[in-house]
Structures are given as C-alpha cells and as structure tokens.
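Survey of secondary and tertiary structure
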Amino acid sequence: MLKTEELQINIGPQHPSTHGVFRLMATVDGETVVHLEPVFGYLHRNHEQLGEIWTYLQTITITDRLDYFNSMINEHGYCMTVEKLASIEVPERAEYIRVIMSELSRILNHAAAIGFWLQDMGSWGTTLMFGFRQREMIMDIFESVGGSRMMCNYMRFGGVARDLTPNLVEQINLFLEGFPQFIDDFERLMMENEILLARSRNVGVLPKELAAAYSVTGPVIRGSGIPYDIRRAEPYSIYDRFAFDIPVGSVGDVYDRFLVRMEEMRQSHRILRQAMEQLPQASGSYINQAYKAASKQQGLRLPAGEAYCRVESPKGELGYYIVSNGGNSAYRYGIRAPSLINLTALNDMCRGYTVADIVVILGSIDIVMGEVDR
Amino acid sequence: MRAMWEFFFGVGWLATLTSYLTITTAILVAGSLVMMLLTWIERRGLGYMQDRKGPNRVGPFGLFQPIAEAIKTITKEDITPTDADRWVHFLAPVVILASTVAAFAVIPWGNLIPVDINVGVLYIVAVSAVHTVGILMAGWASNNKFALLGGMRGVAQAISYEIPQVLSLVSIVMLVGSMSVVDVIQNQMDPYGNILSWHIFTPVGLLSFIVFWIASLAEGERPPFDNPEAESELVAGYMTEYGGMKFAVLFLANYLTNFAICAVTAGVFLGGGNGPGSDIPILGTLLSVFYFLAKSLGLFFVMVWIRGVVPRLRIDELMHFAWKFLLPLALVNIFSTSLWIAIIRWGAEQGMGIAEALGAPGSIARIAVAWVVTAIINVVAFFLVARLNATRGVTTYQATPTAV
Amino acid sequence: MFDLIKGLRTTAKYLFTKPVTISYPEVKRPVRERFRGKHELKRYADGKERCIGCSLCAAACPADAIYVEPAENNPQNPVGYGERYAAKYEINMIRCIYCGYCEDACPTNAIVLEHQYELSFYDRKAAVFTKEILLQPVDKGWGEPPPILQNLNRPPNPPAQMEL
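All figures in this text were calculated on a predicted structure; none of them were measured in a lab. (Residues numbered from 1 in each chain as written. Chains lettered and ligands numbered in written order. Predicted model: local features only at pLDDT ≥ 70, side-chain atom pairs only at ≥ 80, totals over all residues. Heavy atoms only, no water.)

What about the interface of chain A and chain C?
With 36 residues of chain A at the contact, the number on the chain C side is 26 residues. For the pair chain A and chain C, the summed buried area comes to about 2,800 Å², and 47% of that belongs to carbon and sulfur atoms. The tally of links between chain A and chain C comes to five salt bridges. When the shortest N-O distance is used, the salt bridge between arginine 29 of chain C and aspartate 140 of chain A registers 2.9 Å. The tally of links between chain A and chain C comes to 18 residue pairs in polar contact (both at pLDDT 80 or more). Counting only elements with at least two residues in the side of chain A that touches chain C, the list comes to α2 (56–63), α5 (126–146) and α6 (166–190) of chain A. Tallying contributions element by element places α5 of chain A first for the side of chain A that touches chain C, with nine residues. (Contact = heavy atoms within 4.5 Å. Buried area = accessible area lost by both parts, 1.4 Å probe. Salt bridge = Lys/Arg side-chain N within 4 Å of Asp/Glu carboxyl O. Polar contact = N/O pair within 3.5 Å; in protein donor to acceptor, adjacent residues only side chain to side chain. Helix = DSSP H or I, 4+ residues; strand = E, 2+ residues; numbered from the N terminus.)

As structure tokens, this is what we get:
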C-alpha cells in the first residue's frame with residue numbers, strides 16, 4: 001500500500017454548504033476523511049448574555065433568532081420555562097394554538113432541511129424549491145397569525161399574542177388539505193432515486209450506543225433506532241392528547257434520518273388534523289387574562305428560583321434554563337441547543353467516508369448556525 | 001466556399017486560407033451564440049421544473065440575460081492568486097477552450113460540413129480528450145486545495161468515461177464501416193425520410209446510445225457527474241480560483257463541450273440533419289440545419305431535465321459505474337454488433353446461413369433475425385449488469401413508526 | 001434504475017404548471033392583516049397627534065431602536081392632547097426587529113406597525129426615520145381622545161419643588 005501524504009482541508013467558514021459560517025477542519029488521505037474537527041463560533045451573538053440583560057418579554061424576540069427555521073418552537077420552550085418559574089396557567093385554547101404552531105413549524109423545518117440536504121448532495125435545487133414552496137405556505141400562515149414570517153414573536157407568557165380567527169383556521173385547514181399531495185410529490189421525486197440511495201445508504205452511520213453516548217437528539221438519535229422524543233418521553237403542553245407515532249430508523253445512516261424526517265412530517269400532519277378538530281371545543285381564551293397586561297409590558301418579575309424546560313424542536317431536544325433572583329430579567333440563562341450537541345458526533349460519523357460525504361452527513365444532522373453559536 | 005473566394009481573389013492559396021478563416025469564424029460565432037442559448041434554456045427549463053420562472057427580466061422572456069452576464073463577467077477584474085503558477089493558470093482556460101472548439105471542426109451542421117476527414121469520429125474523441133490536460137492545469141496552477149481535488153477528480157473521471165464512450169462508438173463505426181462523421185450520418189439516411197433508419201432504433205444502436213450518452217454526461221461534467229465542479233463539496237472545483245474573463249472562457253468551454261456532445265449524439269444516433277425534405281437543394285440545407293439544431297437542443301434539454309432530478313454521484317460510485325456498468329455493456333454491445341453485421345452481410349457461403357436455415361432468405365428476414373438476436377443479447381446483458389450492480393441490500397430499511 | 005424515471009416524470013409534470021413566482025416589482029403580494037412593517041405615528045380624527053412623548057415604546061424596545069425627545073405642549077396651540085408631545089421621534093430602521101412591542105406598550109395607540117415593507121436606504125443616515133416620515137397625514141386620523149388626556153385647559157404641571 002502506497003503511503004500518501006495527508007492533506008488538511010478547511011471546509012468553510014466561507015463555503016456553499018456549511019449551512020452558515022462554520023468551519024470544518026478535515027484531514028483527508030486522498031479523498032478519505034481521517035479526522036474532522038468542527039470549528040464554530042463565527043456567528044456568536046451573545047444570546048445568553050442578552051437574555052440576562054433584557055427583560056423576560058424582550059428575550060422572546062431573540063429566541064426567534066436561535067434556530068430561525070422554527071421560531072415558534074423556540075418561543076414555546078422559552079415561554080414554558082418562564083411560566084413554570086412564575087406558575088402561570090396557560091388556558092386550553094392557548095395550548096392548542098401553541099401546538100398547532102409548533103407542528104406547522106416542524107413541517108416547515110423538515111421540508112426545508114430535506115431540501116437543503118438534497119442540495120448538498122448536488123440535486124440542483126428541485127427538491128429545495130419544492131420544500132420552499134411548502135415552507136412559503138406555512139410562513140404565510142405565520143404572517144397571518146403573528147404578523148411576521150420568520151421572526152414570529154407570537155407566544156407570550158400565559159398564551160399567545162393574538163387569537164386564531166375563523167379565517168385563519170380555514171387557512172390552516174386549506175394548507176393541511178394540500179399537504180399530502182406535496183409530500184407524495186416530494187417522495188416520488190427522491191425516495192427511490194437510485195443515486196440518492198447510493199449516496200445515503202450506509203453513509204455516516206451512527207450506531208445506537210454511540211448516539212446515546214453523545215446524547216444526540218431529534219431525528220439523528222431516532223434514525224439510529226432509539227425512539228426518544230420529548231413529546232413522548234416527557235409530554236409537555238398537551239401532547240399527551242394526540243395519537244402519533246415516533247418513526248425510528250434501523251441502521252442509523254443518513255438515509256434513515258431522511259426517512260425519519262419524511263415520516264415525522266406525516267405525523268405532524270396527523271397531530272395537526274387532531275388539533276384542528278379539537279380546537280373549537282377547547283376552553284379558555286388565547287391568553288391567560290390575568291397576565292394579559294403583563295404580557296404587553298416589560299414589568300414582569302419572576303419569583304426567585306430556577307426552572308428548566310425542554311421541548312422537542314425539529315433538531316432535537318431544546319432546553320431552556322432560567323435562574324431568577326426576583327428581578328425583571330434572568331439572573332442566569334442557558335440553552336441546551338440540539339444543533340450544537342448533535343454536531344459533536346460529526347467526527348465519528350464522518351471518519352472513513354469521503355469529502356463528498358462530509359457535506360451530506362452535515363446536511364443530515366440539520367444544523368442551524370444561529371443555534372450552534374448563539 | 002473556396003470557389004466563392006477564388007472568384008473574388010483569383011489566387012488559390014489566399015482563397016483557401018480565407019475560406020478556412022470564414023468557416024472558423026462562423027463556427028466560433030455560432031458556437032458562442034448557441035452557448036448563450038443553452039444557458040438560457042438551462043436556467044429557464046430548470047426554473048419551470050422547479051415551479052418558478054427563471055431569468056425573466058432582461059429582454060423578452062429573459063433571452064438577453066446571457067448577454068448581460070457576458071458583459072458583466074468580461075468587464076470584471078482579472079485576478080490571479082498570489083501563489084498561483086501564473087502561466088499555467090493563464091493557459092488552462094485556453095487549452096480547455098481550444099480543445100473544445102477544435103472538436104467542432106468535423107461536426108456537420110446539417111448539410112453544412114466544415115471539414116470531412118475520414119477519421120472524424122476518432123478525431124472528436126482524441127481532441128476532446130485534450131481538455132483533461134487543461135482541467136489538471138487549472139486545478140494544479142490555482143494553488144488551492146479545492147481546485148486541486150477538483151482537477152484530480154476531473155482527470156480521473158474524464159479518463160474513465162472516455163473508455164466506454166469510445167467503445168460505444170466502436171460499435172457504430174463497425175456498423176457503418178467508416179470513421180467519417182459524414183458517412184455515419186449518411187448511413188442513417190433513408191430515401192423515404194423514415195426515421196426508423198436512425199441508429200438509435202436498432203438494438204445495437206440503442207444500447208450504444210445509452211452507454212455513449214451516460215459517458216458523455218460524465219465527459220461534459222453534467223449532473224449527476226459534475227464532480228469536478230461539485231458546488232456543494234468543492235466550491236467550484238478547478239474553477240474556484242478563476243474569475244472574470246478566464247472564468248467566462250471556462251464556462252464557455254463547458255457549454256460548448258455539452259453542445260458538442262449533443263451534436264455528436266444527434267449526428268451519430270439520431271441522423272444528424274436528416275429529416276423529411278432535407279435533401280431538397282437549397283431549402284433542404286436550411287431544413288437540415290433546423291433538424292440538426294432541434295435534435296441537439298432537444299438532447300440538451302434532456303440534460304437539463306436530468307439535472308433537475310438527480311443528486312450527484314460520489315466519486316468512487318462514479319468510477320464503479322464507469323468500470324462495472326458501462327464498460328461491460330459497451331463490450332457486450334461490440335459483440336452483438338459483430339453478430340448483427342455477420343447475420344446481415346454474410347450469407348451461407350460465408351458460413352452464416354442463419355436466415356437461410358430458418359427458411360427465409362432475403363434481406364428483410366435477415367434484418368429480422370439480426371434484430372431479434374441482438375435485442376435478446378443486449379436486453380439480457382443490460383439487466384444482468386444492472387442486477388449485478390444493484391446496491392446490495394445490507395439491511396432492510398424501514399422507518400417503522402413505533403408507538404412507545 | 002427505473003425509479004429515476006419517476007422523478008423525471010414529477011419534474012415534467014411541474015414543467016407545465018404555472019410557476020408560483022410573484023413578479024415582485026410589478027405584482028405586489030398583499031400582506032396579511034396582522035403584518036408588522038414600517039411604523040406609523042397616528043393622529044386623532046381632528047388631526048392632533050396621539051403621541052404623548054412618554055417614551056414607553058423606547059423602554060419596551062429590545063433593540064434600542066427608538067429615540068423620543070419629549071417637549072411640553074404649548075396650551076395655546078397644542079400638538080397633541082397630552083401635557084407633552086414628542087418633539088423628536090426617531091426610529092432606526094436598521095436596528096428595528098419589528099417585534100411589535102412598541103405597539104403593545106403605547107398607552108394611546110399612537111405607534112402602529114403598518115403594512116409598508118419596502119424599506120431600503122442608500123446610507124445609514126437615511127435609515128433613521130424621523131417624525132416627519134413616520135407621522136401620518138392629517139386627514140387620516142381616527143377616534144376621539146380618551147377623557148384622561150383631555151386636560152388642555154389645565155396648565156402644565158409646575159416644575160418640581162426640590163432642594164438642590
């Protein structure tokens with residue numbers, strides 16, 4: 001065997017497929033990856049420090065910017081944490097609206113993530129455009145509901161900012177009706193594609209034990225065959241009322257993660273159907289009336305103490321930790337960002353595969369640098 | 001052409017030189033124009049496939065978009081990286097473009113034939129192989145790791161895919177009995193305008209077409225074989241460090257290669273400029289150019305269509321595909337071509353009395369027998385090779401929804 | 001091998017459907033009712049300004065985008081109904097994150113995030129929208145001022161008496 005010199009390639013920070021400003025120091029032997037070191041922090045925006053300076057209400061706006069593909073779920077998690085600390089009751093109707101928004105957000109994220117993944121694989125945009133067309137429809141719903149397409153700033157402590165009007169309910173129902181058609185097209189376009197199978201099967205395998213050891217979450221760990229989903233493991237909000245399945249993969253490769261995401265979109269659709277059906281019977285208002293005033297002004301003070309809450313973001317387990325000393329902003333504020341934790345397993349996933357596989361594996365983890373660097 | 005100039009100049013050598021220059025200029029101008037049209041077709045077609053519009057601002061339907069972009073790229077500053085090998089960096093686009101344009105010398109535009117040399121097919125293959133050198137030069141001289149990887153990939157890919165490409169052409173050359181491109185096209189000419197006389201409508205020609213087309217996609221660095229450029233992996237491959245005019249030249253060469261591939265495919269397999277009415281004296285020439293362009297652009301559209309659907313192959317899968325799938329098929333095809341020739345041309349006295357033995361001597365019966373035999377061989381070979389190459393299922397992949 | 005054809009068929013299907021593209025400068029997509037765009041300073045039906053210069057919006061703003069400089073109203077010719085009005089009201093549109101908290105904080109519904117979304121500037125100075133840009137035309141006002149604000153007959157509060 002000929003001994004060849006190892007070459008170190010910097011993929012990033014300026015590279016088309018690192019999903020933001022992110023650098024991968026890859027040591028390659030020919031085209032085979034020997035070692036891979038992710039370097040991040042280029043997008044650091046002092047998120048946690050800002051959360052300690054700003055009031056609780058103001059902090060909601062920056063949680064949108066953590067993982068800017070699913071701002072609704074980020075807000076959901078943050079509001080839940082504050083509510084837990086301040087023991088604020090959330091009315092049933094508000095919970096339903098939150099769940100609907102969260103699940104829409106999950107579909108949005110997965111559609112875009114699969115599109116980006118295919119783009120990384122070199123599929124020249126068709127799937128991306130299909131995914132984005134769907135994403136556009138959901139963002140339109142978000143715009144009607146909350147007033148902004150990406151940075152929704154919709155949830156408040158004790159509920160949501162504005163109610164769902166019958167028009168909006170109709171708009172969401174319309175979207176849900178068209179959704180199966182989209183996902184069938186999406187699937188037909190790539191599910192059985194020979195080249196996609198060749199590129200993704202047995203690539204980036206993360207065995208069960210390793211996945212658990214790295215404490216990766218979300219579609220990555222479910223692709224590895226562990227049915228771990230916060231919505232089931234520790235049902236928050238009203239997720240215990242819905243029937244849905246948790247898809248798991250069998251091998252833990254890139255293709256499994258893709259299948260899990262596809263199936264999760266269908267399951268989200270299923271949850272949305274149930275939620276839309278039950279919404280009219282839900283009691284209460286869209287926001288806890290006692291906190292309605294507090295939700296408009298910045299003066300909310302939380303009792304001293306600490307709280308940790310986690311939600312199932314499309315990327316994995318998103319946790320918020322808040323320590324309060326009784327003031328109107330957090331004393332300590334920390335986030336468990338799923339993208340960051342999932343990224344730690346990248347070296348083990350990539351070793352032994354080729355340079356071309358790095359971007360595919362990275363795409364299959366589905367990171368958003370806003371969340372990794374915070 | 002020469003006669004016309006001789007009439008003007010009255011001097012033989014000057015007339016020859018001028019006629020060559022005229023033809024060269026015509027080819028270059030037509031090539032650039034076609035390249036602009038190709039980029040427009042590509043972006044517009046991809047746009048509509050992806051449910052969007054594509055370029056639609058400059059001119060009617062965005063037709064002048066390529067011109068706007070040409071002006072933009074040409075007026076950009078020309079940058080050579082500090083540590084790059086200046087001369088090689090400069091020469092690489094030249095080499096690539098030159099080799100690409102040279103291939104156009106023997107490609108007939110319908111009835112308009114620039115040069116008819118008796119080894120035309122070989123010439124095309126040989127000349128377009130030179131552009132591999134240019135890719136390696138570009139990759140090496142850029143002093144960039146991405147460019148180097150792209151260049152290496154380009155060379156590996158081009159060399160591997162040249163073999164099935166040439167071997168698939170060998171069967172056609174055997175069928176025709178000549179290496180001249182004009183002869184190849186003439187062979188598909190049918191006095192009644194019957195398109196069934198095209199090579200693609202014989203079992204041998206069909207398999208040859210499939211192999212040639214796939215190998216050519218790889219030669220032209222088209223998706224799914226665009227590994228040397230591989231945007232998502234290698235930024236822009238060997239073109240990473242090129243900008244401005246040099247990039248424009250590389251880009252032009254790339255699209256000219258693609259057009260050359262389409263043109264050769266149209267000529268060799270789809271009858272070139274042949275079509276109803278293409279043998280009428282003057283109108284026929286125009287018609288034949290039209291048929292030729294229609295066929296070539298149609299083939300290019302197929303390229304765009306494929307690009308809209310498939311992801312890129314990994315470099316090792318790409319090699320496997322060339323050596324394990326295309327090469328055996330091309331070899332089998334040569335075998336069945338020889339059978340085809342033997343059955344059709346040889347009778348009982350040469351020891352190939354198959355048609356006579358079946359009790360139906362006569363050319364139609366011979367063709368029928370040849371058809372059946374080669375079709376069976378080729379189809380069986382295709383499915384056998386495809387079966388052997390199929391990704392062996394290591395595990396059953398099922399995203400099984402489980403209720404926990 | 002033949003599954004590729006399925007994908008080809010899908011794209012071919014979309015080749016003949018109308019693209020979803022909206023040709024933006026010619027066709028403008030209407031925004032939704034609740035859309036949060038450029039701010040507007042509102043007026044009452046009689047053309048008086050709603051803003052009372054309380055700076056609550058500036059306090060609520062997470063991005064520190066709002067700058068308010070209040071001034072005492074002249075009782076003879078008041079600008080608004082409050083004791084004070086905003087002599088200077090500036091929003092830095094580069095800083096603004098369009099969260100809508102200023103809208104929530106405003107006691108007189110003076111500042112509203114409206115539907116204008118075409119905000120582009122040639123320089124950073126131009127991005128600071130002054131009161132003249134933000135203020136609504138006189139004839140677009142609506143509603144009556146609440147009684148608590150109608151204290152125009154009362155002179156402004158005397159300056160605080162305190163030892164310095």
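Don't stop here, the text continues.
Notes on the sheet that holds strand β9 (residues 332–336) of chain A
Residue and element names in this part refer to chain A. Pairing within the open sheet is antiparallel, and its three strands lie in the order β7-β8-β9. Here the strands that pair on one side only, and so sit at the sheet edges, are β7 (305–313) and β9. The mean inter-strand angle of the sheet, taken between neighbouring strand axes irrespective of direction, is 10°. Where strand β8 (residues 316–324) lies against β9, five bridges are found, and the strand directions are antiparallel. Each bridged residue has a counterpart across the sheet, and for valine 323 the counterpart in β9 is arginine 332. (Pairing = 2+ DSSP bridges. Axes fitted to C-alpha atoms, helices over the stretch in contact; angles between N-to-C directions.)

Focus on the packing of helix α5 (residues 120–129) of chain B against helix α7 (residues 145–176) of chain B
Residues and elements named next belong to chain B. For the pair α5 and α7, interaxial distance at closest approach is 11 Å and the crossing angle is 170°. Judged by the inter-axis angle, α5 sits roughly antiparallel to α7. Where α5 approaches α7, its residues Val121, Val125 and Ala129 are matched on the opposing element by Glu162, Val166, Leu169 and Val173. Of the residues contributing to the contact of α5 with α7, the split by class is six nonpolar, no polar and one charged. (Parallel < 35°, antiparallel > 145°, perpendicular 65-115°, else oblique. Nonpolar A, V, L, I, M, F, W, Y, C, P; charged D, E, K, R; others polar.)

Let's talk about the domain arrangement of chain B
All names here are of chain B. Segmenting chain B into domains produces domain 1 (1–75) and domain 2 (78–315). Placing the centre of domain 1 and that of domain 2 at their C-alpha centroids yields a distance of 17 Å. Taken together, the contacts link 18 residues of domain 1 with 21 residues of domain 2. Summed over both sides, the interface between domain 1 and domain 2 buries roughly 1,800 Å², with carbon and sulfur atoms accounting for 86% of that surface. In this structure, the connection of domain 1 to domain 2 is made through two salt bridges. Put simply, glutamate 42 and arginine 307 hold a salt bridge, and the shortest N to O gap is 2.2 Å. Our count for the contact surface shared by domain 1 and domain 2 stands at three residue pairs in polar contact (both at pLDDT 80 or more). Counting residues per element, the ones that place at least two in the side of domain 1 that touches domain 2 are α2 (12–49) and α3 (65–74). (Domains from an automatic or database assignment.)

A short note on the interface of chain A and chain B
It is common to give the size of an interface as the accessible area lost on bringing the parts into contact. On the side of chain B, 38 residues touch chain A, which itself brings 52 residues to the contact. Across the chain A to chain B interface the summed buried area is about 3,900 Å²; carbon plus sulfur atoms make up 58%. Taken as a group, Glu31, Trp124 and Ile195 of chain A account for 17% of the area that chain A buries against chain B, more than any other trio of residues on that side. One can count two salt bridges joining chain A with chain B. Note that aspartate 51 of chain B and arginine 133 of chain A form a salt bridge whose closest N and O atoms lie 2.4 Å from each other. Seen at the junction of chain A and chain B, the total is five residue pairs in polar contact (both at pLDDT 80 or more). Looking at which element gives the most residues to the side of chain A that touches chain B, the answer is helix α11 (residues 254–278) of chain A, with six residues. Partitioning the side of chain A that touches chain B into residue classes produces 24 nonpolar, 16 polar and twelve charged.

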